[in-house]
Amino acid sequence: MVNMKRSFARVVCASVIAMIFTAVSIPASAGQKLLDASFESGTDGFTARQNETVARSNAQAYDGSYSIKVSNRGSAWNGAKVALDTKWKAGDTYAFSCAVYQETGADVDMQLSLQYNDGTEDKYVQVAAGSVPSDKWTVLANPAYQIPTVASSCYLYVETAESLCDFYVDAVTSEIPTQYAKGDVNHDEAVDKKDLREMLAFLQGQDAAIQIDTSDMNGDGKINVIDFTILKRHVLFPERYTTTTVTTTTTTTAATQAPTEWPELHPGDKWYNTADISWIPAGKKTVALSFDDGPNINGDTYGTRIQNALNKQGFHATFFYWGERIPGHENEIIAAEKAGHEVANHTWNHPDNMDKYDAAGVLSQYNKVKDKLNDILGVKRDYLLRLPYLKNSTTISSTLPVPFPNSGIDSGDWSGSSADAMVQKIQRAAQDGSLNGQVVLMHETYNSTATAVETLCPWLAQNGYVVCTVSEMFKYNGKDMYAGRVYNNCW
Ligand SMILES: [Zn+2]
């Protein structure tokens, strides 16, 4: 009798697992391409919207050898259009994507748009948009765009926001989105240990691209150790969860995300703090470890070790990047952003006398790194600045539109402190209560610092501390920062 009960329980359990992980409904037509314009053998139905020139070209190509070139444009809305026939149904949702290229020498705001008739007049709506850097193919994509229910006579087209520049278009696609279960990180239509392995590789910086929609388990827009923890529970205890599906088709990487709305900030303005603190439990003590002088050069991996140690505990930190060191080391920054760390600015070439610079010189040190980071991360925003050698001046503070987190506690790594000495300093501050709310100055360029962080992260977790970014620490403690001011702690 007892045995029968047990085996019955096992059968029930197995059927629940099967329901959750194999019964995800995938429409028969899902993933079917309705439009796949590669321009390899013609213009694939694309034409001008007005009097501009739309011609096949082999001067540039995203895929294959050909794209189409749009030139002689008289208005920003002049571009290349293609009719969406009866395969596309009003009210239904489709994935749309195109690759665009321009060579003006500056960024150009471009968009993929839909023209339709609502029964009375023609309407024009944005499907996907982005800031397109010069001389770099950029993908504008929307994995799930719903065509308005009243729409007829639909055209998909590419245009600019303002510029009248020439541009190229390639790889225009539209398909019926596939539905994948949350946690199906690799989109193989199962949620299993393979997905855990894939997410772990991503968090460890070994895989720059990941499906954000099925990996972002808690829906906070980031993929970090919290998502990994949730996914681990899903895989190990599937009977406790029901499936949610998400609609998607594209792999999201940092470089192709749509730009974030960002206000124009001025010295004295309140810092536009977008930090998400939902992951920090109530009643915690917080500390902002911050790391200067990366990305790592000369093949050093201290920065990656530091990120891994933080990621293992689900912690975040702020990384102030030295502009000149970025080229060739972009992946470290993308990995930091994706794991939820705060990417920040440490000037272009780390001048030792920026306090003597005029406003133009100061701005250039800040803007060059800002532009670089925006380019790498595919966003538009400002970044906290760590002043080189912590040197401020009235020119600096009345010129730059961002706050300057300095040093509440100096790890001393730059002056040769050992890993043990750093660990003891932080542990003492934690024990006497003075660590809470502090900005800790560290550098990601020392083996000793990486070793100290590897010891400190689990210790701080066990002792009631959460390591978070500077912006998160201020927000969690209900404090604002203002542009042009120095902060050593959030009190
Ligand atoms: Zn520095």
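See the structure shown above.
A short tour of the structure in this document, coming up. Please read these numbers as outputs of a predicted model, since none were measured by experiment. (Residues numbered from 1 in each chain as written. Predicted model: local features only at pLDDT ≥ 70, side-chain atom pairs only at ≥ 80, totals over all residues.)

## Here we look at the overall build of the protein
Here's step 1: Within the protein, the secondary structure is distributed over 11 helices and 21 strands.
Here's step 2: The 491 residues of the protein split such that 44% are buried. (Helix = DSSP H or I, 4+ residues; strand = E, 2+ residues; numbered from the N terminus. Buried ≥ 20, exposed ≤ 12 C-beta atoms within 10 Å, placed from the backbone.)

## Some remarks on unusual backbone geometry
Here's step 1: Along the chain, Gly294 connects to Pro295 via a cis peptide bond; the corresponding omega equals 0°.
Here's step 2: Locating Pro295 in the fold gives a position in the loop between strand E14 (285-294) and helix H5 (302-313).
Here's step 3: The backbone of Phe39 shows a phi angle near 65°, a positive value even though the residue is not glycine.
Here's step 4: Summarising the element assignment, Phe39 is placed in the loop between strand E1 (33-37) and strand E2 (47-48).
Here's step 5: Phe39 sits in the buried class, given 25 other C-beta atoms within 10 Å.
Here's step 6: The backbone of Tyr389 shows a phi angle near 55°, a positive value even though the residue is not glycine.
Here's step 7: Here Tyr389 shows up in the loop between helix H7 (359-377) and helix H8 (394-397).

## A few points about the nonpolar core
Here's step 1: Counting residues in hydrophobic clusters, the biggest one holds 77 residues, and the most contacted among them are Leu289, Tyr321, Val343 and Val467.
Here's step 2: Apart from the residues within four sequence positions on either side, Val467 is in contact with Val287, Leu289, Leu310, Phe315, His316, Ala317, Cys457 and Leu460.
Here's step 3: One finds Leu35, Phe39, Ile68 and Val100 within the second-largest nonpolar core, a separate group that totals 41 residues. (Core = buried A, V, L, I, M, F, W, Y, C linked by C-beta atoms within 7 Å. Contact = placed C-beta atoms within 7 Å.)

## Considerations on the pairing of strand E11 (residues 167-175)
Here's step 1: Most of E11 is tucked away, with 7 of its 9 residues classed as buried.
Here's step 2: Two elements, strand E4 (residues 67-71) and E11, share 3 bridges in a ladder whose sense is antiparallel. By the bridge assignment, Lys69 is partnered in E11 with Tyr168.
Here's step 3: Note that strand E6 (residues 93-101) and E11 share 6 bridges and pair antiparallel. Across the sheet, Ser97 pairs through a bridge with Thr173, a residue of E11. (Pairing = 2+ DSSP bridges.)

## Topic: H5
Here's step 1: In this model, H5 (12 residues) spans 17 Å end to end at C-alpha, consistent with the 16 Å of a helix rising 1.5 Å per residue.
Here's step 2: Burial in H5 covers these residues: Tyr302, Gly303, Thr304, Ile306, Gln307, Ala309, Leu310 and Asn311.
Here's step 3: Contacts from the buried residues of H5 go to helix H2 (193-203), helix H4 (225-236), E14, helix H6 (330-338), helix H10 (447-462) and strand E20 (465-467).
Here's step 4: Trailing H5 by a residue or two, Gly314 shows a phi angle of about 75°, which is positive. (Expected span 1.5 Å × (residues − 1).)

## Thoughts on the sheet that holds strand E10 (residues 152-160)
Here's step 1: Pairing is antiparallel in the open sheet, where 5 strands are placed in the order E2-E5-E10-E7-E8. Among the strands making up the open sheet, the edge pair consists of E2 and strand E8 (122-132).
Here's step 2: Pairing of E2 with strand E5 (residues 80-84), which is carried by 2 bridges, proceeds in the antiparallel orientation. Across the sheet, residue Ala48 finds its bridge partner in E5, namely Ala80.

## Focus: the packing of H5 against H10
Here's step 1: Contact geometry of H5 with H10 gives a least axis separation of 9 Å together with a crossing angle of 5°. Overall, the two elements H5 and H10 adopt an arrangement that is roughly parallel. Facing Tyr302, Arg305, Ile306, Ala309, Leu310, Lys312 and Gln313 of H5, the residues of H10 in contact are Asn447, Thr449, Ala450, Val453, Glu454, Cys457, Pro458 and Ala461.
Here's step 2: A class-by-class count of the residues in the contact of H5 with H10 yields 9 nonpolar, 3 polar and 3 charged. (Axes fitted to C-alpha atoms, helices over the stretch in contact; angles between N-to-C directions. Parallel < 35°, antiparallel > 145°, perpendicular 65-115°, else oblique. Nonpolar A, V, L, I, M, F, W, Y, C, P; charged D, E, K, R; others polar.)

## What to know about the packing of helix H9 (residues 419-431) against H10
When two helices pack together, their arrangement is given by the angle between their axes and by how far apart the axes lie.
Here's step 1: One can describe the packing of H9 onto H10 by two numbers: an axis separation of 8 Å at closest approach and a directional angle of 30°. Viewed along their axes, H9 and H10 adopt a mutual orientation that is roughly parallel. Classified by chirality, the crossing of H10 by H9 is right-handed. In contact with Ala419, Met422, Val423, Ile426, Gln427 and Ala430 of H9, H10 contributes Ser448, Thr449, Thr451, Ala452, Thr455, Leu456, Trp459 and Leu460.
Here's step 2: Split into classes, the residues belonging to the contact of H9 with H10 amount to 9 nonpolar, 5 polar and no charged. (Left-handed = near helix turned anticlockwise from the far one by under 90°.)

## Here's the deal with the environment of Asp166
Here's step 1: Position of Asp166 relative to the elements: it lies in the loop between E10 and E11.
Here's step 2: With 17 C-beta atoms counted inside 10 Å, the residue Asp166 sits in the partly exposed group.
Here's step 3: Here the alpha-carbon distance between Asp166 and Lys69, two residues 97 residues apart in the chain, equals 7.2 Å.
Here's step 4: Non-local contacts of Asp166, meaning those with residues more than four positions away in its chain, are made with Lys69, Val70 and Ser71.

## Brief notes about the pairing of E6
Here's step 1: Most of E6 is tucked away, with 8 of its 9 residues classed as buried.
Here's step 2: As judged from the 7 bridges shared by E6 and strand E9 (residues 138-146), these two strands associate in the antiparallel manner. For Val100, the partnering residue across the bridge sits in E9 and is Thr138.

## Description of the environment of Val440
Here's step 1: Here Val440 lies in strand E19 (residues 439-443).
Here's step 2: Counting along the chain gives 150 residues from Val440 to Ser290, while the straight-line C-alpha distance between them is 5.8 Å.
Here's step 3: Ignoring anything within four residues of it in the chain, the contact list for Val440 reads Val287, Ala288, Leu289, Ser290, Gly408, Ile409 and Ser411.

## Comments concerning the environment of Gly408
Here's step 1: Take Gly408: it is sitting in the loop between strand E17 (404-405) and strand E18 (409-410).
Here's step 2: Apart from the residues lying within four places of it in its own chain, the contact partners of Gly408 are Gln438, Val439, Val440, Asn488 and Asn489.

## Considering H7
Here's step 1: Between its first and last C-alpha atoms H7 spans 27 Å; for 19 residues at 1.5 Å apiece the expected length is 27 Å, and the two agree.
Here's step 2: For H7, the full list of buried residues reads Val362, Gln365, Tyr366, Val369, Lys370, Leu373, Asn374, Ile376 and Leu377. The buried residues of H7 all sit within an arc of 165° when viewed along its axis, so they share a single face.
Here's step 3: Those residues of H7 hidden inside the fold are in contact with strand E15 (318-321), H6, strand E16 (342-345) and H8. (Arc of directions from axis to C-beta.)

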